[in-house]
Amino acid sequence: MKLNLKTLLLLPFFALLMFTSCQEEVVDITEPSEAEAEAALVADSELTAFVSAASKMDGSKDNIIDRASCISVKLPLTVIANGVEIIIDSEEDFKVIEAIFDEFDEDDDSLDMIFPITIINADHDEIVINNADELEEYVEECGGENEEDDDIECIDFKYPISFSIFNADFLIIDTVEIENDRQLHRFMKRVRNKEVIASINYPVTMVLADGTEIVVNNNEELHNTIKDAKDACDEDDDNDHNDDDFTKERLDNYLVKCPWLVHEFKRDAVALTDRYFDYAINFKENGVVVMREKNGDILTGTWETRIIQGRGAKLKMEFENLADFTLEWYIYEIEEGRVKIYQEEGGRIILKRNCDVVIEHTKERVENFLQECLWRIARLHVEGADNEKDYIGTPLKFFENNVVKIRINGELVEGTYEVLVRNAGIGLEINLEGRPDLKLQWLITFLGNDLIKLSNANNQMVLKRHCPNTDDDLNYVEDILITGLWEVAKYDDGLVHVEDPTKQFYMYTLNFLESGRVKVIDPNEGITSGSWLAYRNDGLHLGMKFGDAPFIELNHRWRIKEITPNRIELKDYSASGEVERVLVLERKE
């Protein structure tokens, strides 16, 4: 008799009854013929061992809790992580523990469990553990980190799958459906004990560690697929909760997606963050890495990644003139927008992704970028003094032919500028009459989508882009301001006064003009002028700059807290987030 069987697994029918009714009766069986054996998975075949190993319980997912890869704790579970009590209801809660551990990089992390607990071993058996000593015995039986084991974690079955059951004459007498690893592993245990004859009903879908699905149609395909995949990933059988499983392709794509800024740097246990903070790194697809130093110098080197079985991923960078970065670093942690890498001798780099950074400047690129929009002077630190307050509401506008204008009281004051190419990088020179703080040669140290940082010697300037008529909220603010006359309804500077400070503004009228000029009409119909600008910077702001009392007291970049067609409430916040001043403008009837 010849049957076209895709998989044969050994056991008689009444042994199947023992499988489903948990009886222990063992029955002798007859081995299949040689022809049938060619298509069969016999009890001691490599494929049978592969299927059994792939269905073992993987205990590495919760190593942050039990520090053992051959057992897993049964949930829910109560733990105390660094003194914080947490109820763990699902694997998602492991991230809560990780977040607590990652809050501080230099502290000693601790985790205690509230006993009794239940653990699950590799054969899916549940065992009650009453104290830490009992648990330690099972942990020690698991062996050390990344030691060889016989479970296969890099490929899984996609359930459900089913088996056809045969009697001793190889006639199909039943079908069994398998829903999970536990059921499959226990079924395969009986197969290996020669207690059942069965075949897998193909096709079967297998899932790789990266989520790729492979459909197999027979024994040979299943055997080859598992064999090829079983060592193709990091099984994560270590206790480092911060490591991340990436294929080389995924890691490379993640690194080249955007530039990175150095947020923290340590080499050979020596902290060097002050030296390398905000160094910009761009990993290119051709194996070239470009780094921009804070002074604008551009360094070019090479980079590559590789996956170390049992250790995770490594990133190698080589620069001819930058020894501190030239090393093969381990990937310590990857999360959205951040990468941590380390060296075993006490080195660590934290990189933060910034897709707005432009690392390799050109003169033409900078010129075009400057001419696109207005630029607010958000910071100006010259000779130890902070002078940005002198430029509230007075943005710069760069034109072609090296013309730059600054808007003061609604009028554009003209000067010149030039984008310079120097050995140190791309620079900017500004010449505006009456503005000596700007009349310097600046080196561009950072150029982002909405931000330019410049420096020279001990001076720093930050320009932030402001593009009119591109923000509906700002358009609303501007429309309300310029379509009426306004007065100060309330001014509270947070100090104790004998007289309400609002009174000094009585009988004054404010007229916000579209040009950026604000006219101040005093009680005697006298007129003075100031500058204003509504802009967005982590919220909506109104910057106002006046030259005469009493409105000089209102010179500030106010945060807009509430705005209606007839009322605008503005607030001034301290660095700690506390309200220091409140200003309310109301439309005049």
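Computed from a prediction, not measured in an experiment: that's the story for all the values here.

### A few points about the side chain of Glu293
Next up, step 1: Turning to its location among the elements, Glu293 is positioned in the loop between β17 (288-292) and β18 (298-308).
Next up, step 2: For the buried Glu293, no salt bridge exists, and the shortest N-O distance to an oppositely charged side chain is 9.4 Å, to Arg292.
Next up, step 3: Those residues within four positions of Glu293 in sequence are excluded, and the remaining contacts are Tyr279 and Leu299.

### Some remarks on the side chain of Arg292
Next up, step 1: The topology assignment puts Arg292 in strand β17.
Next up, step 2: Once you skip the residues sitting within four places of it in the chain, Arg292 turns out to touch Tyr279, Ala280, Asp297, Ile298, Val357, Val358, Ile359, His361, Thr445, Phe446 and Leu447.

### As for the sheet that holds strand β2 (residues 71-73)
Next up, step 1: Within the open sheet, the three strands sit side by side as β2-β6-β7. Their pairing is antiparallel. The sheet terminates laterally at β2 and β7 (126-129), the two strands that pair on one side only. Across the sheet, the axes of successive neighbouring strands diverge by a mean angle of 35°, strand direction being ignored.
Next up, step 2: Pairing geometry for strand β6 (residues 117-121) and β7, over four bridges, is antiparallel. Within β7, the position partnered with Ile120 by the bridge is Glu126.
Next up, step 3: Contacts from helix α6 (residues 132-141) reach β2, β6 and β7 within the one sheet, and its direction differs from that of β7 by about 140°.

### Examining the state of the cysteines
Where two cysteines share a covalent bond between their sulfur atoms, that bond is called a disulfide.
Next up, step 1: Going through the model one piece at a time under the given rule, you end up with three disulfides.
Next up, step 2: Put simply, Cys258 and Cys355 are joined by a disulfide, and their sulfur atoms are 1.8 Å apart. Across the disulfide from Cys258 to Cys355, rotation about the S-S bond amounts to roughly 90°, and the bridge is consequently right-handed. Of the two residues, Cys258 sits in the loop between α9 (248-256) and β14 (260-267) while Cys355 sits in the loop between β22 (347-353) and α11 (363-371), which places them 97 residues apart along the sequence.
Next up, step 3: Of the residues examined, Cys258 reaches a relative accessible area of 7% and is grouped as buried.
Next up, step 4: According to the relative accessible area criterion, Cys355 is partly exposed, its value standing at 45%.
Next up, step 5: Each sulfur of the disulfide joining Cys373 and Cys467 lies 1.8 Å from the other. Its torsion about the S-S bond being 95°, the disulfide of Cys373 and Cys467 is classed as right-handed. One end of the pair, Cys373, is in the loop between α11 and β23 (374-382); the other, Cys467, is in the loop between β31 (459-466) and α12 (472-482), with 94 residues separating them in the sequence.

### Quick word on empty space enclosed by the protein
Rolled over the atoms, a probe with the dimensions of a water molecule shows which regions are left empty.
Next up, step 1: Throughout the structure, instances matching the rule amount to two cavities of 30 Å³ or more.
Next up, step 2: In this structure, the largest cavity spans a volume of roughly 50 Å³.
Next up, step 3: Mapped by element, the contributors of at least two residues to the lining of the largest cavity are β23 and β35 (527-536).
Next up, step 4: Classifying every residue of the lining of the largest cavity by side-chain character gives six nonpolar, three polar and two charged.
Next up, step 5: What the second largest cavity holds in volume is close to 30 Å³.
Next up, step 6: Lining the second largest cavity are His466, Cys467, Pro468, Asn469, Thr470, Asp471, Leu474, Asn475 and Glu478.
Next up, step 7: Counting residues per element, the lining of the second largest cavity draws most heavily on α12, at three residues.
Next up, step 8: Considering only residue class, the lining of the second largest cavity consists of three nonpolar, four polar and two charged.

### Concerning the packing of aromatic side chains
Next up, step 1: As enumerated under the stated definition, the model contains 18 aromatic pairs in all.
Next up, step 2: Between Phe369 and Trp375, the ring centres sit 5.3 Å apart and the planes meet at 65°, which makes this aromatic pair edge-to-face.
Next up, step 3: On the accessibility criterion, Trp375 (0% relative accessible area) is buried.
Next up, step 4: Among the aromatic side chains, those forming a connected cluster through ring pairs are Phe265, Tyr276, Tyr279, Phe325 and Trp329.
Next up, step 5: Positioned above the aromatic ring of Tyr535, the side-chain terminus of Arg376 is 3.7 Å from the ring centre.
Next up, step 6: The ring centre of Phe399 lies 5.2 Å from the NZ or CZ of Lys405, which sits over that ring.

### Notes on the environment of Ala534
Next up, step 1: Tracing the sequence through the fold places Ala534 in strand β35.
Next up, step 2: For the pair formed by Ala534 and Glu478, sequence separation is 56 residues and the distance between their alpha carbons is 6.9 Å.
Next up, step 3: When sequence neighbours within four positions are dropped, the list of residues in contact with Ala534 reads His466, Leu474, Val477, Glu478, His541 and Leu542.

### A look at the sheet that holds strand β13 (residues 213-216)
Next up, step 1: Spatially, the three strands line up as an open sheet ordered β8-β12-β13, and their pairing is antiparallel. The open sheet has two edge strands with one neighbour each: β8 (155-157) and β13. Taking each pair of neighbouring strands and ignoring which way they run, the sheet shows an average axis angle of 30°.
Next up, step 2: In the sheet, strand β12 (residues 204-208) pairs with β13 via four bridges, with the strands oriented antiparallel. Its bridge partner being in β13, Thr205 is matched across the sheet by Val215.

### A few points about the nonpolar core
Next up, step 1: Of all hydrophobic cores here, the largest spans 29 residues; its most connected members are Phe283, Met317 and Phe325.
Next up, step 2: Each residue touching Met317, except ones within four places of it in the same chain, is listed here: Phe283, Thr302, Trp303, Phe325, Thr326, Leu327, Trp329 and Ile341.

### With respect to the packing of helix α3 (residues 46-54) against helix α8 (residues 219-229)
Next up, step 1: Running from N to C, α3 and α8 cross one another at 55°; their axes reach a closest spacing of 10 Å. It follows that α3 is oblique to α8 by the angle criterion. For the crossing formed where α3 meets α8, the hand is left-handed. Across from Glu46, Leu47, Phe50 and Val51 in α3, the residues of α8 making contact are Asn219, Leu222, His223, Ile226 and Lys227.
Next up, step 2: Grouping the amino acids of the contact of α3 with α8 by side-chain chemistry returns five nonpolar, two polar and two charged.

Conventions and cut-offs
Residue numbers here run from 1 along each chain, matching the order of that chain's written sequence. Note on the predicted model: pLDDT of at least 70 is required for a residue's local features to be given, and 80 or more for side-chain atom pairs to be given and counted; whole-chain, interface and lining totals, by contrast, use all residues. Only heavy atoms go into the side-chain values, all of them from the structure, while hydrogens and water stay out. Helix and strand assignments come from DSSP, with helices taken as H or I runs of at least 4 residues and strands as E runs of at least 2, each series counted from the N terminus. Relative accessible area decides the class of each residue, using a 1.4 Å probe on protein chains only: under 20% of the type maximum gives buried, over 50% gives exposed, and in between gives partly exposed. Asp and Glu are treated as the negative residues and Lys and Arg as the positive ones, with His and the ends of the chain left uncounted. Each salt bridge in this description consists of a side-chain nitrogen of Lys or Arg and a carboxyl oxygen of Asp or Glu lying within 4 Å of one another. Only heavy atoms matter for contacts: two residues are in contact if any of them lie within 4.5 Å across the pair. Two strands qualify as a pair provided that DSSP identifies no fewer than 2 bridges between them. To obtain an axis, a line is fitted to C-alpha atoms, over the contacting stretch when the element is a helix, and the angle between two such axes runs from 0 to 180 degrees between their N-to-C directions. Disulfide assignment relies on a single distance test, namely cysteine sulfur atoms paired within 2.5 Å. In this analysis, the protein atoms alone were mapped onto a 1 Å grid. Cavities are point sets where a 1.4 Å probe fits without being able to get out; pockets are open sets with protein on both sides within 12 Å along at least five of seven lines; lining residues have an atom within 4 Å of a point. Grid points are joined across faces, edges and corners, and a volume is the space filled by probe spheres set on the points. Ten residue types, Ala, Val, Leu, Ile, Met, Phe, Trp, Tyr, Cys and Pro, are classed as nonpolar, four, Asp, Glu, Lys and Arg, as charged, and the remainder, Gly among them, as polar. Each Phe, Tyr or Trp ring, with Trp reduced to its six-membered ring, pairs with another whose centre is within 6.5 Å; inter-plane angles below 30 degrees give stacked pairs, above 60 give edge-to-face pairs, and intermediate values give tilted ones. In our convention, an over-ring charge means Lys NZ or Arg CZ found within 6 Å of a ring centre and within 35 degrees of that ring's normal. Take the buried residues of types Ala, Val, Leu, Ile, Met, Phe, Trp, Tyr and Cys, join any two whose side-chain atoms come within 4.5 Å, and each joined set is a nonpolar core. Working rule for angles: under 35 degrees goes down as roughly parallel, over 145 as roughly antiparallel, 65 to 115 as roughly perpendicular, anything else as oblique. The crossing is said to be left-handed when, going from far helix to near helix, the turn is anticlockwise and less than a right angle, and right-handed when the turn is clockwise.

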